[in-house]
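Survey of secondary and tertiary structure
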Amino acid sequence: MGKPDRYHHGDLRETLMSAALVAIARDGAAAVSLRQLARDAGVSHGAPAHHFGDRAGLFTALAVRGLDMFCAALSDAAEKAAAAGQARLPASGKAYVLFAAAHPALFEVMFRPDLLDRDDADLKAARGRAAALLRGFVAESRPVRADPESDVGLEALRAWTHAHGLATLWLAGNLPPAMAPDGLEALVDRLFGTGDNGGCDSDDGRGAA
């Protein structure tokens, strides 16, 4: 009778999302098509549209999932740092970079608004949670006597560009090996002060992302 059509077994959505991540990692997001994913999953070419509507719908679903995982990774790293009496912002920055390295396909989609349905309610909510998380870490890291009128948003943007820039440089292979002879995690520890010798406000952050 052949293999059952997974479209009728309730797991096609997950199958297609997993196949999309494989395709993104292999060929880049621009090369992904719903028709090819349907062929890879062994279902009719119309089945992906049933779950995602179009390619933007698929990428948006992936971005939402990625953002949820991303927030969980940053929160976990921050809470571990806090439990050890360390600053949460550097730990979350390290988790940011290590998340990108561990999930490059998801990371690509999360930060490619040209691929996404920008009006999707779930996407807006997920982005809002990520932004609020970063702003919270930044706000609590500011000196007690800091000017309450100063722009936390600008400081959050600075922290974001720091972590995101390092992550994208690493993923693109633009960092000379001599800059990270001991690997990405050791480099992040040195840059963010999260290593064992990073100072009084650091920890090794292992297992954070």
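Residues numbered from 1 in each chain as written. Predicted model: local features only at pLDDT ≥ 70, side-chain atom pairs only at ≥ 80, totals over all residues. Heavy atoms only, no water.

What follows concerns the overall build of the protein. Helices and strands together make up the secondary structure of the protein, namely 9 helices and 0 strands. Looking at the protein as a whole, 40% of its 209 residues qualify as buried. When the accessible surface of the protein is split by element, carbon and sulfur atoms take 55% of a total near 11,200 Å². (Helix = DSSP H or I, 4+ residues; strand = E, 2+ residues; numbered from the N terminus. Buried < 20%, exposed > 50% of the residue type's maximum accessible area, 1.4 Å probe, protein only. Areas by Shrake-Rupley, 256 points an atom, 1.4 Å probe, with all protein chains shown as cover.)

Here we come to the nonpolar core. By size, the foremost hydrophobic cluster in this structure holds 56 residues, and its most contacted members are I24, L37, L58, F59, L62 and V97. The biggest single contributor to this core is helix α4 (residues 55–83), with 13 residues. Once you skip the residues sitting within four places of it in the chain, V97 turns out to touch A163, L166, A167, L184, V188 and F192. (Core = buried A, V, L, I, M, F, W, Y, C linked by side-chain atoms within 4.5 Å. Contact = heavy atoms within 4.5 Å.)

A word on the side chain of S92. With respect to the helices and strands, S92 occurs in helix α5 (residues 88–102). Those residues within four positions of S92 in sequence are excluded, and the remaining contacts are L74 and F137.

Turning our eyes to something else, we now look at the packing of α5 against helix α9 (residues 184–192). Between α5 and α9, the least distance of the axes is 10 Å, while the angle of their chain directions is 155°. Our classification of the angle between α5 and α9 gives roughly antiparallel. Where α5 crosses over α9, the handedness of that crossing is right-handed. Only L184, E185, V188, D189 and F192 of α9 make contact with α5, whose side of the interface consists of P90, G93, K94, V97, L98 and A101. Residues of the contact of α5 with α9, tallied by class, amount to 7 nonpolar, 1 polar and 3 charged. (Axes fitted to C-alpha atoms, helices over the stretch in contact; angles between N-to-C directions. Parallel < 35°, antiparallel > 145°, perpendicular 65-115°, else oblique. Left-handed = near helix turned anticlockwise from the far one by under 90°. Nonpolar A, V, L, I, M, F, W, Y, C, P; charged D, E, K, R; others polar.)

Taking 1.5 Å of rise per residue, the 16 residues of helix α1 (residues 12–27) would be expected to cover 22 Å, and the 22 Å separating its terminal C-alpha atoms lies within 8% of that figure. Listing the buried residues of α1 in full gives L12, T15, L16, M17, A19, A20, A23 and I24. Directly after α1, the chain includes G28, whose backbone phi takes a positive value near 90°. (Expected span 1.5 Å × (residues − 1).)

This next bit is on the packing of aromatic side chains. Enumeration according to the criterion identifies 6 aromatic pairs in this entry. The interplanar angle of 80° and the centroid separation of 6.1 Å between the aromatic rings of Y96 and F107 together place this pair among those described as edge-to-face. Here the residue Y96 occupies a position in helix α5, and F107 occupies one in helix α6 (residues 104–110), the gap between them amounting to 11 residues. Y96 gets classed as buried once you look at its relative accessible area, which sits at 6%. (Phe/Tyr/Trp six-rings, centres within 6.5 Å; stacked < 30°, edge-to-face > 60°.)

Let's shift gears to the pattern of salt bridges. Taken as a whole and judged by the stated rule, the model has 10 salt bridges. For R65, the salt bridge identified is with E14, shortest N-O distance 2.7 Å. Here R65, found in helix α4, pairs with E14, found in helix α1; they are 51 residues apart in sequence, far enough to count as distant. Of the residues examined, E14 reaches a relative accessible area of 37% and is grouped as partly exposed. In this structure, R112 engages E108 in a salt bridge whose closest nitrogen and oxygen atoms are separated by 3.4 Å. Judged by its relative accessible area of 27%, R112 is partly exposed. The structure contains a network of salt bridges with shared partners spanning E79, R88 and E140. (Salt bridge = Lys/Arg side-chain N within 4 Å of Asp/Glu carboxyl O.)

Take the packing of α1 against helix α2 (residues 34–41) next. Taken N-terminus to C-terminus, the directions of α1 and α2 make an angle of 115°; their axes are 10 Å apart at the nearest point. As far as their axial angle goes, α2 and α1 are roughly perpendicular. For the element pair α1 and α2, the recorded crossing hand is right-handed. Facing L12, T15, L16, A19 and A20 of α1, the residues of α2 in contact are L37, A38 and A41.

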